Every structure is written in C-alpha cells, then in structure tokens.
Amino acid sequence: DTGVSQDPRHKITKRGQNVTFRCDPISEHNRLYWYRQTLGQGPEFLTYFQNEAQLEKSRLLSDRFSAERPKGSFSTLEIQRTEQGDSAMYLCASSLGQSLAKNIQYFGAGTRLSVL
Amino acid sequence: QQPVQSPQAVILREGEDAVINCSSSKALYSVHWYRQKHGEAPVFLMILLKGGEQKGHDKISASFNEKKQQSSLYLTASQLSYSGTYFCGTEIGGGSEKLVFGKGTKLTVNP
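Now for a quick tour of the structure.

Each value, and the rule that gives it
Residues numbered from 1 in each chain as written. Chains lettered and ligands numbered in written order. Predicted model: local features only at pLDDT ≥ 70, side-chain atom pairs only at ≥ 80, totals over all residues. Heavy atoms only, no water. Contact = heavy atoms within 4.5 Å. Buried area = accessible area lost by both parts, 1.4 Å probe. Salt bridge = Lys/Arg side-chain N within 4 Å of Asp/Glu carboxyl O. Helix = DSSP H or I, 4+ residues; strand = E, 2+ residues; numbered from the N terminus. Nonpolar A, V, L, I, M, F, W, Y, C, P; charged D, E, K, R; others polar. Disulfide = S-S within 2.5 Å. Buried < 20%, exposed > 50% of the residue type's maximum accessible area, 1.4 Å probe, protein only.

1. Describing the interface of chain B and chain A
- Contacts between the two partners involve 21 residues from chain B and, on the opposite side, 21 residues from chain A.
- Overall, the association of chain B and chain A removes approximately 1,800 Å² of surface from exposure, summing both partners, and the carbon and sulfur fraction of that is 58%.
- The interface formed by chain B and chain A holds 1 salt bridge in total.
- When the shortest N-O distance is used, the salt bridge between Glu56 of chain A and Lys98 of chain B registers 3.7 Å.
- When residues of the side of chain B that touches chain A are traced back to their parent elements, those giving at least two are β4 (30-36), β5 (43-49) and β9 (84-91) of chain B.
- Of the residues belonging to the side of chain B that touches chain A, the class tally is 10 nonpolar, 7 polar and 4 charged.

This is the structure we're talking about:
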C-alpha cells in the first residue's frame, strides 16, 4: 500500500454516460498527478496539481475530461460522454514537490474503466 | 518524446542477472524507475538525478548517463519477486513536473 487511495477500483459504464473518479493522495503531498494507462503501455500523463492549482494539462485531456482538486486535498477526474476509447486504467500519483529532487511520485492502484 | 526501453521482454531463471535500458532523445533532468505487477500500482524503485550517479537498492541498481540521455537498471541474482513490468519515467525539468514513461520491459523470473 503506497498510501494513495483511488475509488472506485473498477467502473463499468455505457457509452455516453458520465463517470467520476476520486483520488486521495498521501496527506502531506502537495502535488497530485493523473495518468492513463492502456494495455501494454506505460502510464501517460494527463494533468497535475500543485495544491489546488492545475498547472499542466496534456493534449490527451480533451474537453470531455475535467479534473479538480478543491482545497488541495483529494482530487476528482470526470469524463463526460464517455467513449469506448476512454477504456483504460486511470492512475493517480502524489509527491511532496518541495524540490525537484523530491519529485518522487507514489501511485495508487488505479481505477479501471470499461466503456461498453 | 517517449523514452525507448529495451529489451521489451526478458525471461530469467532465479539467480540470473538482467539489464534494462532506457534511452531518450531529449535532455533529461532525472530518471525514475518503477516496477508494476499485474493489476497493481506501479511501485517506485529509485530516482536518478543528472550527474551520472549510480544508486542501489538491495540487489537492484541503476545508472544514469546524462550525456547519452540513457539510464540502465541492473538486477542482480534475480528473485521470483522481481517478476513484473519495469518502466522508466523521464523528467525533462525546466518547470515541467510530469513523467514520460517508456512502454515497459516485462521481466519473468522462473524457478
């Protein structure tokens, strides 16, 4: 257990539905990241937060995706109007972020999304 | 740019050694190594900062050649528990905090 919690672990939805995932980072970590991982690939960066500020977003993050981190604690990732291509493992990671040398990211177990 | 990992897969017998390579076309600030078992979270192994340092963790060590933009992970006297997929994540620095991961190297250690 890395200390990063994600909920739910699995989500099955029908195409066109909206889904929301939650991530609880390690409590003292300022930075929170979202990645997406498909079969046979490494994690792909989606977005990251420094406290409550969203500082960088990937071009992979279409306008159907939105992420929030209110109050700089937990984060949510919402996908609207899901498509079959959204099926993947969504991973959350957190880091202390106090210096570049301490940007060790600890990952949660992920939420596996299946869009039917 | 996604780093290139080699080999894509390797099969070992317990006690054998292995080397996994990670190569980038971009100048790197740091390289992070993770191991992921099926259905589980990637687990952090080690971080190497630019400066050519080599770090070790039990019988797993790694090196980072910033001039060649390459890192290698060395697994010595492999154990069954080493099985999994190994990913390198590269950080280019300059204010960008994201990691760009390779496609992974699947390591299987057999008895």
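There is more to say, and it comes next.
2. Notes on the state of the cysteines
- Taken as a whole and judged by the stated rule, the model has 2 disulfides over all chains.
- Disulfide partner of Cys23 of chain A: Cys92 of chain A, at an S-S distance of 1.8 Å. Disulfide Cys23 of chain A-Cys92 of chain A: the torsion about the S-S bond is -70 degrees, which places it as left-handed. In this pair, Cys23 of chain A sits in strand β3 (residues 19-24) while Cys92 of chain A sits in strand β9 (residues 88-95), placing the two residues 69 residues apart along the sequence.
- For Cys92 of chain A, a relative accessible area of 0% translates into the label buried.
- Paired by a disulfide, Cys22 of chain B and Cys88 of chain B hold their sulfur atoms 2.0 Å apart. A torsion of 75 degrees about the S-S bond marks the disulfide between Cys22 of chain B and Cys88 of chain B as right-handed. Taken together, the residues Cys22 of chain B in strand β3 (residues 18-23) and Cys88 of chain B in strand β9 connect sequence positions 66 residues apart. As far as burial versus exposure is concerned, Cys22 of chain B and Cys88 of chain B are alike and both buried.

3. Details of the pattern of salt bridges
Residue and element names in this part refer to chain A.
- One pass over the full model with this rule turns up 4 salt bridges over all chains.
- For Arg64, the salt bridge goes to Asp86, with nearest N and O atoms at 2.8 Å. Taken together, the residues Arg64 in the loop between β6 (53-57) and β7 (65-68) and Asp86 in the loop between β8 (75-79) and β9 connect sequence positions 22 residues apart. Grouping residues by exposure puts Arg64 and Asp86 together as buried.
- Residues joined in a network through salt bridges with shared partners are Arg64, Glu83 and Asp86.

These figures capture arrangement, not role.
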